[in-house]
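# Notes for the structure review
As a plain string of letters, each chain reads:
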Amino acid sequence: MHAVIKERLDGLADQARRSLERARVRPYQLAIDAPHDRIVVKPGDPAQTEAAATALRELVSTEGTGVTSRPDLEVSTAPEGVILALSPPALIDRANQAVQQSIEIVRRRIDETGVVDPIITRQGQDRIVVQLPGVEDPNRIKQLLGKTARMTFQLVDENANPNATVAPPGVVLLPMSDQPGQKIAVRKRVDVDGGNLTDARAGQNPQTGEWVVNFTFDSLGTRRFADVSRANVGHRFAIVLDNKVISAPVIREAITGGRGQISGNFTAASATDLAVLLRAGALPAPLTVVEERSVGPELGADAIRAGAISLFVGFVFVIVFMGTFYGLFGWFANIALVFNLFLMLAILSLLQATLTLPGMAGILLTLGMAVDANILINERIREEVKAGRTPLNAMEAGFKRAYSTIIDSNATAF
């Protein structure tokens, strides 16, 4: 939330300066007091304190509706000057909005990677749980989710010294993403925001063959980009991503089509990832991984041993039961059961199926169900023999009269 509050205070500071200029309050000192979530304005003339307070009250807006409506800012006067503070309820609302917006952007980024059935939920006040089945490269996902991906287009201040220890007013010294240690002086004012992008795709430059990212602006972004490029032909225009300059090309001519290209020593993977980030949108606040768990389908040696033993013991119990209770006919069934097991394993091997503990339990259950028809027939033969039929007639009746029950049993098992 520190980043969210800082961005809000920076935006308020710019709005406050414009309001004070319109109210002709000058000179004045404006300071951002981030630890206390406020901005302090001290007019050079104490008589202008009330005029400054009136100008700053114009920035106050109401959030919510009806009985839940409340101002998002608080303006007060103190000995140190006029104080413009973020109200606590507004901060809570902004935090909730940041989490909800982050969840939506995380979902968009993951959908772009092709992961099937992701589970993305909120946990507590400021955490998001992301569960992704079948992901083979968790590090790539973490890199995609860990980048704020806020892209801006800002003019380069060609008069400022990029190697200076302190940047002049209105200028910030940003590092080059592909040249560690080298900085470039960029004006603080954002001329075009990456939020105005409608599309971004990875591609190759047909002339050089290098990987680039082609982007398209919406109508507002197109107009702003055209105005800035038209007014600054011959000057450098920096493309900034997460406070790092990707490239700073010279504007050769006015760009009015709303399309552009980002180049900067990309590989196919990095260009694709950047395009995914730009299409999904920027996060309202940075995300950090606080916990990671990976659950694989492999079984431990102990689990495999225990599963194999249980499968063998269950199989032996079935064979002993059939041989003990039904004699020769039971051993005929056992021979068929062995063939059943080998055929089942052969089909699983042919399909290259992964053997799991539930799979072992399923094999054992299938073997148990396989002798069900034998049990029904043998029990029916016993009943017919007890009723006085000859062995041959009893066997024929046992097979015929158990047939419908076998169909019902197998249909139920299926």
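Residues numbered from 1 in each chain as written. Predicted model: local features only at pLDDT ≥ 70, side-chain atom pairs only at ≥ 80, totals over all residues. Heavy atoms only, no water.

### As for a nonpolar patch on the surface
Together, Leu328, Phe329, Phe332, Ile335, Phe339, Met395 and Phe399 line one region of the surface with nonpolar side chains, adding up to about 730 Å² of accessible area. Where the nonpolar patch is concerned, the elements lending two or more residues are helix H7 (301–350) and helix H10 (391–413). Its location among the elements puts Phe399 in helix H10. Of the residues examined, Phe399 reaches a relative accessible area of 46% and is grouped as partly exposed. (Patch = residues over 30% accessible without salt bridge, like charges linked within 9 Å, V, L, I, M, F, W, Y side chains within 5 Å. Areas by Shrake-Rupley, 256 points an atom, 1.4 Å probe, with all protein chains shown as cover. Salt bridge = Lys/Arg side-chain N within 4 Å of Asp/Glu carboxyl O. Helix = DSSP H or I, 4+ residues; strand = E, 2+ residues; numbered from the N terminus. Buried < 20%, exposed > 50% of the residue type's maximum accessible area, 1.4 Å probe, protein only.)

### Some remarks on the pattern of salt bridges
Counted according to the given criterion, the structure contains 22 salt bridges. One salt bridge in this structure joins Arg26 and Glu21, with 3.1 Å as the shortest N-O distance. Here Glu80 makes a salt bridge to Arg38, at a shortest N to O gap of 3.7 Å. Taken as a pair, Glu80 in the loop between strand E5 (73–78) and strand E6 (81–86) and Arg38 in strand E2 (residues 38–43) lie far apart in primary sequence, 42 residues in all. Three or more residues joined by partner-sharing salt bridges are found here, namely Arg380, Glu383, Glu384, Arg389 and Arg401.

### A look at the nonpolar core
Judged by nonpolar contacts, the single largest core of 22 residues is most densely connected at Met151, Phe153, Val213, Phe237, Ile262 and Leu278. Looking at this core, the elements with two or more residues in it are strand E9 (151–155), strand E13 (197–204), strand E14 (211–217), helix H5 (219–231), strand E15 (237–241), strand E17 (259–266) and helix H6 (268–280). The biggest single contributor to this core is H6, with four residues. Leu278 has contacts with Met151, Leu197, Ala200, Val213 and Ile262, leaving out every residue within four places of it along the chain. Core analysis: the second largest hydrophobic core is formed by 20 residues, Ala13, Ala53, Leu59 and Leu73 among them. (Core = buried A, V, L, I, M, F, W, Y, C linked by side-chain atoms within 4.5 Å. Contact = heavy atoms within 4.5 Å.)

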